[in-house]
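# An overview of the molecular structure
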Amino acid sequence: MLPDHQLLRIPGPSPIPPSVQRAMSQQMIGHRGQETKDLLQRIKPKLMPIFGTEQEVMIIAGSGTAGLETAVVNAVNPDDEVLVIVTGSFGERFAKLCSEYRIQTHRLDIEWGKSVSPESVERYLRQHPSIKAVFSTYCETSTGVLNPIEELAQVVHHNSNALFIVDGVSCVGGVESKMDEWGVDILITGSQKAMMLPAGLTFVAASNRAWKVIAANKRPRFYLDLKKYQITLAKDSTPFTPALSLLFGLEQVLKLMEEEGLEQVYARHQLMKNMTRAAFQAHGIPLLTSDTSASPTVTAIKPADFPAEELRRIIKKEFGLSIAGGQQHLEGEIFRIGHMGYCSPADVLQIIGIIEIGLQKIGKAIDLGKGIRAAQKVYIG
Ligand SMILES: *Cc1c(COP(=O)(O)O)cnc(C)c1O
């Protein structure tokens with residue numbers, strides 16, 4: 001194998017564009033000087049359309065989970081009841097986070113691989129009128145499901161006064177988000193998935209309703225206190241030392257997204273999803289999710305007659321191609337391909353070609369090239 005040649009196709013961290021890598025290697029600047037203010041001033045307006053909001057997007061140094069914790073400690077009062085929709089391991093994380101804070105946490109558990117139906121949330125809220133916040137993942141990375149956020153926001157607001165809080169870590173930047181129009185109260189993402197950066201930044205935007213709850217919330221918090229970020233960001237600054245190298249990279253990421261056009265970014269992710277799914281469908285290899293609930297950023301495959309782990313091992317060994325396995329009870333049962341951020345249809349053709357060789361090598365008799373052909377047809381249209 002060619003040394004130092006890696007094909008990283010797990011659902012985050014994802015590859016980093018060379019121009020972003022170069023931007024991040026700039027020399028350090030003073031974090032309280034004019035250059036940093038100018039940098040934040042340039043970044044701020046370009047984050048808003050990615051969230052689909054007129055609100056400022058807070059930038060916090062920390063991994064995606066810091067963003068989830070930020071939402072919990074700022075928006076949930078000490079004796080509030082909350083509902084967490086659990087469609088996989090990241091919904092689970094939200095539930096655990098809430099329980100750790102001794103919040104009375106209701107769980108709506110959905111079979112892994114399925115998206116949540118808005119009707120089930122509606123029923124739950126009608127039976128539990130005291131719920132103050134509803135948490136959902138947008139893309140559930142562990143299963144490749146994209147939950148119907150627009151419809152969920154509607155049922156939350158029609159059936160309760162709860163805030164609707166969404167973990168968009170593995171799709172915001174690759175999938176359209178219309179936070180204001182849909183009525184999402186808090187939307188969170190991270191830097192290392194569709195945002196094409198290393199891990200280390202989390203982004204949090206809040207609606208006017210959410211900001212009111214946050215301002216009145218008596219829960220103690222310090223580093224993750226959103227009000228501090230709001231006050232300082234209004235002055236083009238941050239409450240603590242910003243992760244400047246990541247901000248240099250972020251500016252370049254936003255420039256790349258603007259150049260491509262957000263509509264095109266989202267269309268590219270849809271296309272990659274469709275190509276990937278068509279390839280496995282052509283081979284008769286089952287997918288974990290249905291066409292309608294599948295995420296444009298990650299595809300989960302659930303093989304019936306070959307071991308997922310053996311496939312992962314051989315393509316890593318021979319081609320340096322990393323794809324992800326399953327989490328928790330899906331470990332060994334599924335494999336997951338990340339096609340988000342710095343990934344194009346050309347990469348999808350490469351992934352499929354390599355996987356076909358891997359399948360042949362682990363002894364599954366397949367028609368070589370059949371998946372590639374199916375993906376090519378999707379591309380050509
Ligand atoms: C990756 C991810 C996170 C954040 O994980 P970190 O390891 O803390 O960055 C949160 N939610 C989802 C849906 C994710 O995919």
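Residues numbered from 1 in each chain as written. Predicted model: local features only at pLDDT ≥ 70, side-chain atom pairs only at ≥ 80, totals over all residues. Heavy atoms only, no water.

## Looking at the side chain of histidine 106
Mapped onto the secondary structure, histidine 106 falls in strand S4 (residues 104–109). Judged by its relative accessible area of 13%, histidine 106 falls in the buried class. In terms of polar contacts, histidine 106 uses its side chain to reach the side chain of tyrosine 124, at 3.0 Å. Discounting residues that sit within four places of it in the chain, histidine 106 has contacts with Glu81, Val82, Leu83, Val84, Tyr124, His128 and Ile131. (Helix = DSSP H or I, 4+ residues; strand = E, 2+ residues; numbered from the N terminus. Buried < 20%, exposed > 50% of the residue type's maximum accessible area, 1.4 Å probe, protein only. Polar contact = N/O pair within 3.5 Å; in protein donor to acceptor, adjacent residues only side chain to side chain. Contact = heavy atoms within 4.5 Å.)

## Considering the domain arrangement of the chain
Split into domains, the chain comes out as domain 1 (7–14 + 261–380) and domain 2 (18–258). Residue-level contacts link 28 residues of domain 1 with 28 residues of domain 2. Around 2,300 Å² of area is buried between domain 1 and domain 2 when both sides are counted, 60% of it from carbon and sulfur atoms. Among the residues of domain 1 in contact with domain 2, Leu262, Tyr266 and Ser293 are the three that bury the most area, contributing 22% of the side total. Where domain 1 touches domain 2, the interface holds zero salt bridges. (Domains from an automatic or database assignment. Buried area = accessible area lost by both parts, 1.4 Å probe. Salt bridge = Lys/Arg side-chain N within 4 Å of Asp/Glu carboxyl O.)

## Things to note about the site of the ligand
Around the ligand, the structure places Ser63, Gly64, Thr65, Phe90, Arg93, Cys139, Thr141, Asp167, Val169, Ser170, Gln192 and Lys193. Contact between the ligand and glycine 64: an oxygen atom at 2.9 Å from a main-chain N or O atom of the residue. For the ligand, an oxygen atom lies 2.4 Å from a polar atom in the side chain of threonine 65. Protein chains bury 88% of the 390 Å² of accessible surface belonging to the ligand in isolation. At the level of secondary structure, the elements contributing two or more residues to the shell around the ligand comprise helix H3 (64–75) and helix H4 (89–100). (Near = heavy atom within 4 Å. Areas by Shrake-Rupley, 256 points an atom, 1.4 Å probe, with all protein chains shown as cover.)

## Focus on the UniProt feature "binding site: substrate" (unreviewed entry) in the chain
Under the UniProt annotation, the feature "binding site: substrate" (unreviewed entry) is placed at Arg336. When you line up the elements, arginine 336 lands in strand S14 (residues 335–338). Not counting residues within four places of it along the chain, the set of residues in contact with arginine 336 comprises Arg9, Pro11, Thr141, Ser142, Val298, Thr299, Ala300, Ile323, Ala324, Gly325, Gly326 and Gln327. (UniProt positions renumbered as here; feature names shortened; annotations may be inferred.)

## Description of the packing of helix H12 (residues 308–319) against helix H13 (residues 345–361)
Relative orientation and spacing of two packed helices are given, respectively, by the angle between their axes and the distance between those axes. Where H12 meets H13, the closest approach of the two axes is 9 Å, and the angle between their N-to-C directions is 115°. Both H12 and H13 take part in a crossing whose hand is right-handed. Contacts from Leu311, Ile314, Ile315, Glu318 and Phe319 in H12 reach Ile354, Ile355, Ile357, Gly358, Leu359 and Lys361 in H13. Of the residues in the contact of H12 with H13, the class split is eight nonpolar, one polar and two charged. (Axes fitted to C-alpha atoms, helices over the stretch in contact; angles between N-to-C directions. Left-handed = near helix turned anticlockwise from the far one by under 90°. Nonpolar A, V, L, I, M, F, W, Y, C, P; charged D, E, K, R; others polar.)

## Points about the pairing of S4
Where strand S3 (residues 81–86) meets S4, six bridges bridge the pair, whose relative direction is parallel. Bridge pairing links leucine 83 to histidine 106 in S4. Regarding the hand of the β-α-β motif, the stretch spanning S3, H4 and S4 is right-handed. (Pairing = 2+ DSSP bridges. Right-handed = clockwise from strand over helix to strand, strands pointing away.)

## A few points about the pattern of salt bridges
Applying the stated criterion across every chain yields a total of 20 salt bridges. One salt bridge connects glutamate 92 with arginine 107, and the closest N-O pair in it is separated by 3.2 Å. In this pair, glutamate 92 is assigned in helix H4 and arginine 107 in strand S4, connecting sequence segments 15 residues apart. For arginine 373, the salt bridge is made with aspartate 367, and the minimal N-O distance between the two is 3.9 Å. Residue class for arginine 373 comes out partly exposed when judged on its relative accessible area of 40%. Judged by its relative accessible area of 42%, aspartate 367 falls in the partly exposed class. Counted as one network, the salt bridges with shared partners bring together Lys44, Glu56 and Asp236.

## Observations regarding the sheet that holds S3
The mixed open sheet is built from seven strands, whose spatial order is S2-S10-S9-S8-S5-S3-S4. Two strands bound the open sheet, and with one partner strand each, they are strand S2 (58–61) and S4. Here the strands of the sheet are splayed against their neighbours by 20° on average, with no regard to which way each runs. Bridge count between strand S5 (residues 131–137) and strand S8 (residues 163–167): five bridges; the pairing is parallel. The partner of serine 136 across the bridge, within S8, is valine 166. Of the strands in this sheet, S3, S5 and S8 touch helix H6 (residues 149–159), which is tilted by about 160° from S8.

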